[in-house]
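Letter by letter, the chains look like this.
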Amino acid sequence: MFSFGKMLNAVVLALACSTVNAIPWDATVKYSTHRTREISPALTVESYHPPTTYKTFGKGVDNAHAARVKRDGIEAASTAFVASELGVDESLVSFKSGYEGDSAHYGYMRQAHDNIPFVNAVANVAFKDDKVVSFGSSFVPTDNIAPSTPTIEIVSFISDIEAQLDGQFNDYSSLEYLAKEDGTVALVHVVQIRNEEANTWYEAMVDAHTGELVSITDFVAKASYTVIPLSKQDPTDGIETISNPALTAASPYGWHGTSSSNLSTDTSGNNVIAYKGSTSSTTKQSSTGQVFNYKYDTSVSPTSGKNVQAATVNAFYVMNSLHDISYLYGFTEAAYNFQSSNFGKGGAGNDRVLMSVQDSTYTNNADFATPPDGQSGQCRMFIWTYTNPRRDGDLENDIPVHEGTHGISNRLTGGGTGRCLQTTEAGGMGEGWSDAMAEWTEQTSSTVPDFTMGTWVTGSSAGIRTHPYSTSTRTNPLRYSSIKSLNEVHDIGEVWANTLHNVYAALVSEYGFAADYKTNASGDEGNKVYMHLFIDSLALQPCNPTLPTARDAWIQADENRYGGEHVCTVWKAFASRGLGVNAKSYTDDTTVPAECR
Ligand SMILES: *[C@@H]1O[C@H](CO)[C@@H](O)[C@H](O)[C@H]1NC(C)=O
Ligand SMILES: *[C@@H]1O[C@H](CO)[C@@H](O)[C@H](O)[C@H]1NC(C)=O
Ligand SMILES: [Zn+2]
């Protein structure tokens, strides 16, 4: 134990020999010491961080301990420095980490008591050329400290804490001290509680003598975007502000960068950079903390008011969402996805998607170029001229999802070369996968409605395809043999997308629907099974597949992942549109394998 008075004297001594720059803090304003978090309507937690004194010393001041750093190392030198500066025994200073940087040596310490380190009482020091150049500390008095042996174990409170924080304990825990605002020091179990689906990840500090939740660390950076939610199609379905949509499993540092110290404040990040005109014309956050609150106004032209910003934010949101969701189902770094940094997880990096919004090259369309893994995909979104005011494809979610899925199908087929959907038939199926993905992202229940692409941008309920995708052969009569008289890729794509619509409907009808499918890829429900087979079959199928070989890859994918559990459901759906066992050369066959009859 040591007294506060002694410590204050020591700090004052340090101040006296200093020259410069104390960072001011004002004890009456709590921003520098407190953080209040509303975890749920029923739970608000205020966490406390003791005030920090901090001094910098310009060219540095001579110090005996600083002079030891080369000989004894940063741990010995900084521990001794902090102990002597605060006038405490070295056993009360727990060295956490340190390193030799380009321009200084850095040491990071924590207060300790009975060899148990503190969560929130820390110190840091920097040495340069045998001098001390900065020193910060938030060490606290320990006159009123709890006993260092817990009287409550983790098992006795963990389910209660999991319920309060709506997540699961992930087995990371430690025993630490926590300085409280009233001057007492609590002994706490620090446990991590995570909910991957809701993208929350907390450290909970639970009093090891009372079981009370006393403080929280929130590992997740919040961001918010005013957009058309991915499960909706276009602005007529409603614009909303969505908080923190990035999935940690797919985008460990969110959508704005590659590490917690490399985060942008604009529509650029590890997966996507969205811009108008040139990559330096991104959209900046509307307020600090990665808030992108620009509302699209459909009554004026795409380039008026805040519409450019709103469109850029929506495009950024949709492409990042597609990155994260497809990642959950297997389009990862090793499977040749699009990311600047691959975090050492395989594949080639430096290839985030370049998303050109309101691209002026063309109108009434959109496109996506997929070079090999390691080179950025380029998406261009054009303005549509059928209505007045004109409409922006960036705002109709099925269009950017369709485009982004070209990147997925071209990368997964044939091992990331971008060369394996080049025949007319394979290119046509590429269009089909893209429509099918757009449709899948908009499903909200076990009811499978007909789906029409591009209704808003065209101002026409018929949209941009010849028929809605449907389980009704009256609404959509397309089948395998229809291809005989078709030679344009989007037309061929309609046959494939309509077939996949029927595969989807059959799987959902038989195996049900999980509403969390965009944040959780595990589960037996039909809509999850469908996307696993979708992604797996792309990786399995041959270069330049045909409809029959792609169908075979779906069946094989089910063998691989589910031991063939859904094979008959899938066969029957393919056969219902002419892609039965003996389908060949655009001649229909409705036969299913004997075991499925
Ligand atoms: C920072 O992140 C961006 C992506 O947001 C990436 O392109 C860039 O290389 C990163 N910079 C560093 C120094 O890692
Ligand atoms: C994911 O979904 C499955 C089944 O739908 C469920 O059992 C599992 O608990 C979910 N995982 C999470 C993290 O919610
Ligand atoms: Zn397309």
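Residues numbered from 1 in each chain as written. Chains lettered and ligands numbered in written order. Predicted model: local features only at pLDDT ≥ 70, side-chain atom pairs only at ≥ 80, totals over all residues. Heavy atoms only, no water.

Moving on, we come to unusual backbone geometry. The residue after Asn 388, namely Pro 389, is reached through a cis peptide bond having omega -5 degrees. Mapping Pro 389 onto the fold places it in the loop between strand E21 (383-384) and strand E22 (391-392). In this model, Asn 364 sits at a positive phi of 55 degrees, which is unusual for a non-glycine residue. Among the structural elements, Asn 364 can be located in the loop between strand E18 (353-356) and strand E19 (366-369). (Helix = DSSP H or I, 4+ residues; strand = E, 2+ residues; numbered from the N terminus.)

Parsing the chain into structural domains produces domain 1 (53-137), domain 2 (144-218), domain 3 (225-414) and domain 4 (421-596). Centre-to-centre, using C-alpha coordinates, domain 2 lies 48 Å away from domain 4. (Domains from an automatic or database assignment.)

Quick look at the nonpolar core now. Among the nonpolar cores identified, the biggest contains 93 residues, and Trp 433, Trp 496, Tyr 530, Phe 534 and Trp 554 are the most heavily contacted of them. Looking at which domains feed residues into this core, each of domain 3 (225-414) and domain 4 (421-596) gives three or more. Those residues within four positions of Phe 534 in sequence are excluded, and the remaining contacts are Thr 405, Trp 433, Ala 436, Met 437, Leu 500 and Trp 554. Listed in part, the 19 residues of the second largest apolar core include Phe 57, Val 82, Val 88 and Val 132. (Core = buried A, V, L, I, M, F, W, Y, C linked by side-chain atoms within 4.5 Å. Buried < 20%, exposed > 50% of the residue type's maximum accessible area, 1.4 Å probe, protein only. Contact = heavy atoms within 4.5 Å.)

Moving on, we come to empty space enclosed by the protein. Across all of its chains, the model carries 3 cavities of 30 Å³ or more by this definition. Secondary structure elements with two or more residues in the lining of the largest cavity: helix H4 (307-328) and helix H5 (398-412). Per-element tally for the lining of the largest cavity: the top contributor is H4, with 4 residues. Within the lining of the largest cavity, the residues separate by chemical class into 8 nonpolar, 4 polar and no charged. (1 Å grid on protein atoms, 1.4 Å probe; cavity = no way out; pocket = protein on both sides within 12 Å on 5 of 7 lines; lining within 4 Å. Points joined across faces, edges and corners; volume = space filled by probe spheres on them. Nonpolar A, V, L, I, M, F, W, Y, C, P; charged D, E, K, R; others polar.)

Our focus in this paragraph is the UniProt feature "active site" (unreviewed entry) in the chain. The feature "active site" (unreviewed entry), as given by UniProt, occupies Glu 403 in the numbering adopted here. Looking at where Glu 403 falls in the secondary structure, it is placed in helix H5. (UniProt positions renumbered as here; feature names shortened; annotations may be inferred.)

A few words now on the site of ligand 1. In the vicinity of ligand 1, the contacting residues are Gly 257, Thr 258, Asn 262, Gly 269, Asn 270, Ser 340 and Arg 352. At 2.4 Å, a side-chain N or O of Asn 262 approaches an oxygen atom of ligand 1. The contact in question runs from an oxygen atom of ligand 1 to an N or O atom on the side chain of Ser 340, over 3.5 Å. Coverage of ligand 1 by the protein amounts to 50% of the 360 Å² it exposes when considered alone. (Near = heavy atom within 4 Å. Polar contact = N/O pair within 3.5 Å; in protein donor to acceptor, adjacent residues only side chain to side chain. Areas by Shrake-Rupley, 256 points an atom, 1.4 Å probe, with all protein chains shown as cover.)

In this section: the UniProt feature "binding site: Zn(2+)" (unreviewed entry) in the chain. The positions that UniProt labels "binding site: Zn(2+)" (unreviewed entry) are, in the present scheme, His 402, His 406 and Glu 431. On the basis of their most widely separated C-alpha atoms, the annotated residues across 30 residues gather in one place, lying no more than 7.8 Å apart. Turning to its location among the elements, His 402 is positioned in helix H5. When near neighbours in sequence (up to four residues on either side) are disregarded, His 402 contacts Glu 431, Ser 434, Asp 435, Ala 438, Met 453 and Arg 465. Side-chain polar atoms of His 402 contact the side chain of Glu 431, separated by 2.9 Å. Counting through the fold element by element, Glu 431 comes out in helix H6 (residues 424-441). Ignoring anything within four residues of it in the chain, the contact list for Glu 431 reads His 402, His 406, Val 489, His 490 and Gly 493.

Moving on: the coordination of the zinc ion (ligand 3). Coordination of the zinc ion (ligand 3) by the protein involves His 402 (NE2), His 406 (NE2) and Glu 431 (OE), with metal-donor separations of 2.0 to 2.1 Å. Counting gaps between the donor residues of the zinc ion (ligand 3) yields the pattern H-x3-H-x24-E. Residue His 402 is found in helix H5, and its partner Glu 431 is found in helix H6; the two are separated by 29 residues along the sequence. According to the relative accessible area criterion, His 402 is buried, its value standing at 4%. (Donors = N, O, S within 2.8 Å, 3.2 Å for Na, K, Ca; no water.)

What follows concerns the sheet that holds strand E17 (residues 291-292). With mixed pairing, 3 strands are arranged side by side in an open sheet as E13-E12-E17. The two strands at the open ends of the sheet, each matched to only one other strand, are strand E13 (240-243) and E17. Of the pairings in the sheet, the one linking strand E12 (residues 224-227) to E17 comprises 2 bridges and is parallel in character. Paired with Ser 224 across the strands is Val 291, a residue of E17. (Pairing = 2+ DSSP bridges.)

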